[in-house]
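Descriptive structure summary
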Amino acid sequence: MICFKEYEDYDGIGLAQLIASGEIAASEATAAAQARLERWNPALNAVCLPLPEQAQAQLAQPQGGGPLAGSPVLIKDLLADIAGVPTRNGSRLFDGYVAPRDAEIIRRYRQGGLIFIGKTTTPELGLCPYTESEVYGASRNPWNLALTPGGSSGGSAAAVAAGIVPIAHGGDGGGSIRIPASNCGVFGLKPSRGRSPAGPDYSEGWQGLVCQHALTRSVRDSAAMLDLLAGKPSGGEAYYWPAPEQDFLGAHQREPGKLRIAWTKRPILGGALHADCAAALDGALALLAGLGHEVEEVQLPLAPPEDYQRAMLVLICAEMAGLLRDIERQTGTAARYSQLEPASWALARYGERLSAGELAWARGFIWSQTRTMDAFHQGYDVLATPALNQPPAPIGSLGPSPAEATLSRWVLGKLGWDWTLRFGQLIPETSRRMMEYLGWTIPFNMSGQPAMSVPLHWNAAGLPIGVQFVARCGDELTLLRLARQLEQAQPWAQRRPPAP
C-alpha cells in the first residue's frame, strides 16, 4: 500500500494543496488514511464501518478544485446518510437500513471533493456525552485508552486526534462536537442554529438544538468545512443563516481586533468545576489578555440549572417518543424494547407520559435563552467558559450501572410497567447527574449560538482539556478569527497521543 510518511503532518487543506500541485495523488492520501485506520482502530474502536469501495468510487471521479478536494474524511454514523451505505445510528432499531440517497450535508461534502473512508462510532441515537453502545462497544480516547473520548461524536474526535484523518464530520445537540473535542485535544466548532442543512429528510433536529459540522486539527480546515455548509437552503429547512459576503476560509485569516471577552467559572448547568478545568480557563484568559483583548468576569443572566435540566429532559424524552411513533407510522410495526438499550427505551417511555404543555414550555424556554443571550452580547463580543466540568472520564463511569440497566429492561421493557415512572426519580436524577458532569455546553444549543472548544491546555496527567468560546448568533467568523489567533499564539496541531 502506498503511504507517504509525512501524511499526519498535514491538515486537510495541506493535503489538498499537495494533490492540486501534483506532488501526491488523492489516492495516496486516501491510502495513508486507510493505513492509519488499520493501525489505530483496533485500539480506539473509532470507526464502525470502513468504506474502501465507496472511497475508490469517489477517487475515480473528478474531485474539483476546492480547498479540501481530495482530502480523506470520516462521517459520523448518525443522521448523515450516504447513499447505498447503512446508517445504524448506534442502534439495533436501524438494523438493515441502507440509505436510499445522500443527506444534504453529504451532497455538499461531495461537491467539495471530500473522500469518505469510513463511518465513525456514536452512542445509541447520539443520546450520551460518551461513546459507548451495545451495537458498537466502547470507543477509547487516544491519550489514554482507559478513558472516554466523549460523545456523541467520540469516534470522530478520537480519529482526528490519532491522525487517521485531519477532518471528521460530527453533530452537536448538547455538546456532542465540543465535548469530544475537549476530551481529545482537537478543534470543535458548533455552528449557529440554521447554519448547517438538515435536509432532505428533516427540517430540524431535537427542536432546533442539533447542528452538524466537523472536528479538525486546524482552524482553517473548520473554516473551509463551514464554507461547504453555507450554501442556499435546500428546501424545508426550519432555520437558515445566509452565507457571509466573503467565505469563512478567506475572511477568518484577518485579525479579530480587540475583543470584549466575558468569562465565568460558575457552571451554568450546576455541578462542581474540577481544578484542571479551571486552570485551563485561567491559562486561556491570561493568553487572551496578553493578546490585547479586554477580559472581564461576569455573572451570566441565564436561567438556573434546574430549568435547563428539566427542559433538556423534556425535549430528549419527547423526541425519543416521537421517533418511535414515526417508525411505527412508516413501517406499520411498533418498536420493541429489545431493539433499544434500556436507557433509551426508558427515555421514550418517559416521553409518552409527558404533557403537550411541558413540551411547549421547554420549547419556549429555548427561545427565552436566545433572547437573553442576544441582549448579553450587546455588551460583549465573546463569552469564555470551561468546555466541561471534568477531565476525560473513565470508560463505563457515566452510564447506567448494570443493575439499573437490568431493572429498567425488566420493569419498563418486559413487564411494560410505565406507571412506575410516576413515582421513581431514576430518570430525572440520572439526567441531573449528566448535566452536572457537562456543566457548560447545552445552554448554547438552546440559544442557537456558535460555540467552540479550543485545545489550549493539557493537565499534569497529559490529558487535553478544552476551553469554550461563544459568540452571538450568526457570528462564527469572530470565533474562527479568535481561534486562529490562539492557534498561532499557542499551537496544538503537532501534539500527538502515544502510538498504540
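Residues numbered from 1 in each chain as written. Predicted model: local features only at pLDDT ≥ 70, side-chain atom pairs only at ≥ 80, totals over all residues. Heavy atoms only, no water.

The name an unreviewed UniProt entry gives the chain is Amidase, with Chromobacterium aquaticum as the organism. Its UniProt record gives the chain a comment under Sequence similarities (unreviewed entry), which states: "Belongs to the amidase family." (UniProt positions renumbered as here; feature names shortened; annotations may be inferred.)

**So, the overall build of the chain**
Tallying secondary structure elements over the chain gives 16 helices and 13 strands in all. The C-alpha radius of gyration computed for the chain amounts to 21 Å, which stays within 12% of the reference 23 Å derived for 500 residues, consistent with globular compactness. Counting only C-alpha atoms, the chain reaches 65 × 50 × 45 Å along its principal axes. Contacts spanning at least 24 positions in sequence make up 81% of the contacts within the chain whose residues lie at least 6 apart. Of the accessible surface of the chain, which amounts to about 18700 Å², a share of 53% is contributed by carbon and sulfur atoms. (Helix = DSSP H or I, 4+ residues; strand = E, 2+ residues; numbered from the N terminus. Rg over C-alpha atoms; globule rule 2.2 N^0.38 Å. Contact = heavy atoms within 4.5 Å. Areas by Shrake-Rupley, 256 points an atom, 1.4 Å probe, with all protein chains shown as cover.)

**Side note on empty space enclosed by the protein**
Taken as a whole and assessed by the stated rule, the structure comprises three cavities of 30 Å³ or more. Classifying every residue of the lining of the largest cavity by side-chain character gives seven nonpolar, four polar and four charged. There is about 70 Å³ of room inside the second largest cavity. Forming the walls of the second largest cavity are 13 residues, and the residues nearest its centre are Gly-185, Val-186, Arg-217, Trp-492 and Arg-495. (1 Å grid on protein atoms, 1.4 Å probe; cavity = no way out; pocket = protein on both sides within 12 Å on 5 of 7 lines; lining within 4 Å. Points joined across faces, edges and corners; volume = space filled by probe spheres on them. Nonpolar A, V, L, I, M, F, W, Y, C, P; charged D, E, K, R; others polar.)

**Comments concerning the packing of helix α10 (residues 305–331) against helix α14 (residues 426–438)**
Close contact between α10 and α14 brings their axes to 10 Å; oriented N to C, the two are set at 120 degrees. One way to sum up the angle between α10 and α14 is to call them oblique. At the point where α10 passes α14, the crossing takes the right-handed sense. Contacts between α10 and α14 involve Gln-309, Met-312 and Leu-313 from the former and Ile-427, Pro-428, Ser-431, Arg-432, Met-435 and Glu-436 from the latter. In terms of residue class, the contact of α10 with α14 is made up of five nonpolar, two polar and two charged. (Axes fitted to C-alpha atoms, helices over the stretch in contact; angles between N-to-C directions. Parallel < 35°, antiparallel > 145°, perpendicular 65-115°, else oblique. Left-handed = near helix turned anticlockwise from the far one by under 90°.)

**Side note on the sheet that holds strand β2 (residues 72–76)**
The strand order β1-β3-β2-β6-β8-β7-β12-β13-β11-β9-β10 describes an open sheet built from eleven strands, whose pairing is mixed. Unpaired on one side and paired on the other, β1 (47–50) and β10 (294–297) mark the two borders of the sheet. Taking each pair of neighbouring strands and ignoring which way they run, the sheet shows an average axis angle of 30 degrees. Here strand β6 (residues 167–172) runs beside strand β8 (residues 211–216); their pairing, made up of six bridges, is antiparallel. (Pairing = 2+ DSSP bridges.)

**Re the pattern of salt bridges**
Applying the stated criterion to the full structure yields 22 salt bridges. In this structure, Asp-102 engages Arg-110 in a salt bridge whose closest nitrogen and oxygen atoms are separated by 2.6 Å. Residue classification places Arg-110 among the partly exposed residues on the basis of a relative accessible area of 33%. One network of salt bridges, in which partners are shared, links Glu-8, Arg-36 and Arg-496. (Salt bridge = Lys/Arg side-chain N within 4 Å of Asp/Glu carboxyl O. Buried < 20%, exposed > 50% of the residue type's maximum accessible area, 1.4 Å probe, protein only.)

**Looking at the state of the cysteines**
Under the criterion given, the structure shown has zero disulfides. Cysteine Cys-184 remains unbridged, with the sulfur of Cys-277 as its closest cysteine sulfur at 14 Å. With relative accessibility at 0%, the residue Cys-184 sits in the buried group. There is no disulfide at Cys-473, and the cysteine sulfur nearest it, in Cys-211, is 9.6 Å away. A residue is classified by how much of its surface remains accessible, and Cys-473, at 29% relative accessible area, is partly exposed. (Disulfide = S-S within 2.5 Å.)

**Describing α14**
For α14, spanning 13 residues, the distance from its first C-alpha to its last is 18 Å, which sits close to the expected 18 Å at 1.5 Å a residue. By the burial criterion, the buried members of α14 are Ile-427, Pro-428, Ser-431, Met-434, Met-435, Tyr-437 and Leu-438. Residues of α14 that are buried in the fold lie against α6 (178–184), α10, α11 (342–353) and α15 (442–447). Phi turns positive, to about 85 degrees, at Gly-439, one or two residues after α14. (Expected span 1.5 Å × (residues − 1).)

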